[in-house]
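Residues per chain are reported as follows:
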Amino acid sequence: MTPLGQPVNSPFHDHLPTESADGLTLAFTSDRPGGSGNADMYIADRQDTGQDFTEVRNITELNTFEYEFVNFLSDDGLTLYFSSNFPHPGSFDEYDIYFSKRPSRGDPFGEPQPVAGINSEGGQDIAISLTADGLEAYFSSIRPGGKGGMDIWVARRSSVDEDEPFTVFRNVEEVNTASWESVPSISADGLTLFWSDHFYDLGAGSRPVRSGGSGLTDLWCASRASRQDPFGETVNLGSPINTGSHDSWPRVSPRWPADGSVIYFSRCVNCDLNADIYQATWRVTPPPPSRIFRRGEANDDGTLNLSDAVFMLGFLFLGTVEPGCLEALNANDDRAIDVSDAIGILGHLFLGTPPMLPGMGVCEPLDASAAFGCEASQRGCVGIPAG
């Protein structure tokens, strides 16, 4: 986990980062000198994801003398969603959510348009985040019907046609509390939601936090099995992302949860002075390799034969050294290793007795139901598909 370098971070307030799917374009918000107003939107580019962002420009065609906050950048980097309290055409009072398009990454953004169906009259609507298919939008809002303060809401539409408005579907009540839930970031597949537990307002200070966190602003997430399900248990992201400082404004990269994908967020110690953008790299620990064994193949010589029954009897009655795969000795899969296993092998080999299980003598993976373990795959099964 590291802070982004200059020129993205500055001695001022830098926050609300969002990147394109290829990781080469980053949009963010800053109140650094030289802007158009109170807070401006900036965009940065790089040639390779292994490099730092070096080219930063003020999005002068969208910024005003009021507040503009970056919300979400489309996968192709050509559509920018943002919040502003400037009275653009079609806006309501307070903060509303807009979008603007450009033909290519080298072009300026066009005239902003309000996101149809989401903004509320007399409310405050900020921080939209869309699923990869563009059909679900999560955003923060102060409006009637919430649990208190700012809540997370979800809106849906049936197509991505520009003339197709969103319909506010519901308050995401399973993650909202009487505290503030703000700046949601939905994963591309719509199955994991990230957010901040409250919003730090310059001049106003901190608002109440939800219980179970580090004490100040924290990042949280919740997941679900499908987009038709509610979100499950709320999880605090914990250390090192959450600290005793204000950690907020999360944005998960479109590639999440692939190994090497990034979660961006903002951190400030003294929020009246400055805030920096950080990135945490998501690392996926691969599952341990499956251990493959052959039931009844007790001595691990690669063949199921008489010597396996002899080995098993020696292990049971003569103190022969313990084998590397005890589950292989459980020949009849009765969750015990005893003389009945040796008898079963002998019957199978010499008396024409059918296997006590269809899997006897066949390489199979060691799964959670196994009564015993294996230190490694057996020699006779290495490189052989299970079953």
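Look above for the structure.
1. Overview of the sheet that holds strand β3 (residues 25-30)
Then, in step 1: Taken together, the four strands give an open sheet; going across it, the order is β2-β3-β4-β5, and neighbouring strands pair in antiparallel fashion. The outermost strands of the open sheet, each flanked by one partner alone, are β2 (14-19) and β5 (55-58). Between one strand and the next, the sheet's axes are offset by a mean angle of 25°, whatever the strand orientation.
Then, in step 2: As defined by bridge partners, β2 adjoins β3 across four bridges and the pair is classed as antiparallel. What sits directly across from Asp14, in β3, is Ser30.

2. Overview of the side chain of Thr64
Then, in step 1: Turning to its location among the elements, Thr64 is positioned in the loop between β5 and β6 (68-73).
Then, in step 2: For Thr64, a relative accessible area of 11% puts it in the buried group.
Then, in step 3: Of note is the side chain of Thr64, whose polar atom sits 3.0 Å from the backbone nitrogen of Glu66.
Then, in step 4: Polar side-chain contacts of Thr64 include one of 2.7 Å to the side chain of Glu68.
Then, in step 5: In this view, Thr64 contacts Ser36, Gly37, Asp40, Phe86 and His88; residues no more than four positions away in its chain are not counted.

3. Some words on the state of the cysteines
Then, in step 1: Throughout the structure, instances matching the rule amount to two disulfides.
Then, in step 2: There is a disulfide in this structure between Cys363 and Cys381, and the S-S distance comes to 2.1 Å. One disulfide, between Cys363 and Cys381, carries an S-S torsion of -90° and so falls in the left-handed class. Of this pair, Cys363 sits in strand β22 (residues 363-365) while Cys381 is found in the segment after β22, placing the two residues 18 residues apart along the sequence. Exposure class is identical for Cys363 and Cys381. Each is buried.

4. Quick notes on the sheet that holds strand β8 (residues 96-101)
Then, in step 1: Read from one edge to the other, the open sheet built from four strands follows the order β6-β7-β8-β9, with strand pairing classed as antiparallel. Taken across any chain shown, the strands that pair with only one partner, and hence form the sheet edges, are β6 and β9 (113-114).
Then, in step 2: Sheet topology places β6 next to strand β7 (residues 79-84); five bridges connect them, and they run antiparallel. Each bridged residue has a counterpart across the sheet, and for Glu68 the counterpart in β7 is Ser84.

About the cut-offs
Residues numbered from 1 in each chain as written. Predicted model: local features only at pLDDT ≥ 70, side-chain atom pairs only at ≥ 80, totals over all residues. Heavy atoms only, no water. Pairing = 2+ DSSP bridges. Helix = DSSP H or I, 4+ residues; strand = E, 2+ residues; numbered from the N terminus. Axes fitted to C-alpha atoms, helices over the stretch in contact; angles between N-to-C directions. Buried < 20%, exposed > 50% of the residue type's maximum accessible area, 1.4 Å probe, protein only. Polar contact = N/O pair within 3.5 Å; in protein donor to acceptor, adjacent residues only side chain to side chain. Contact = heavy atoms within 4.5 Å. Disulfide = S-S within 2.5 Å.

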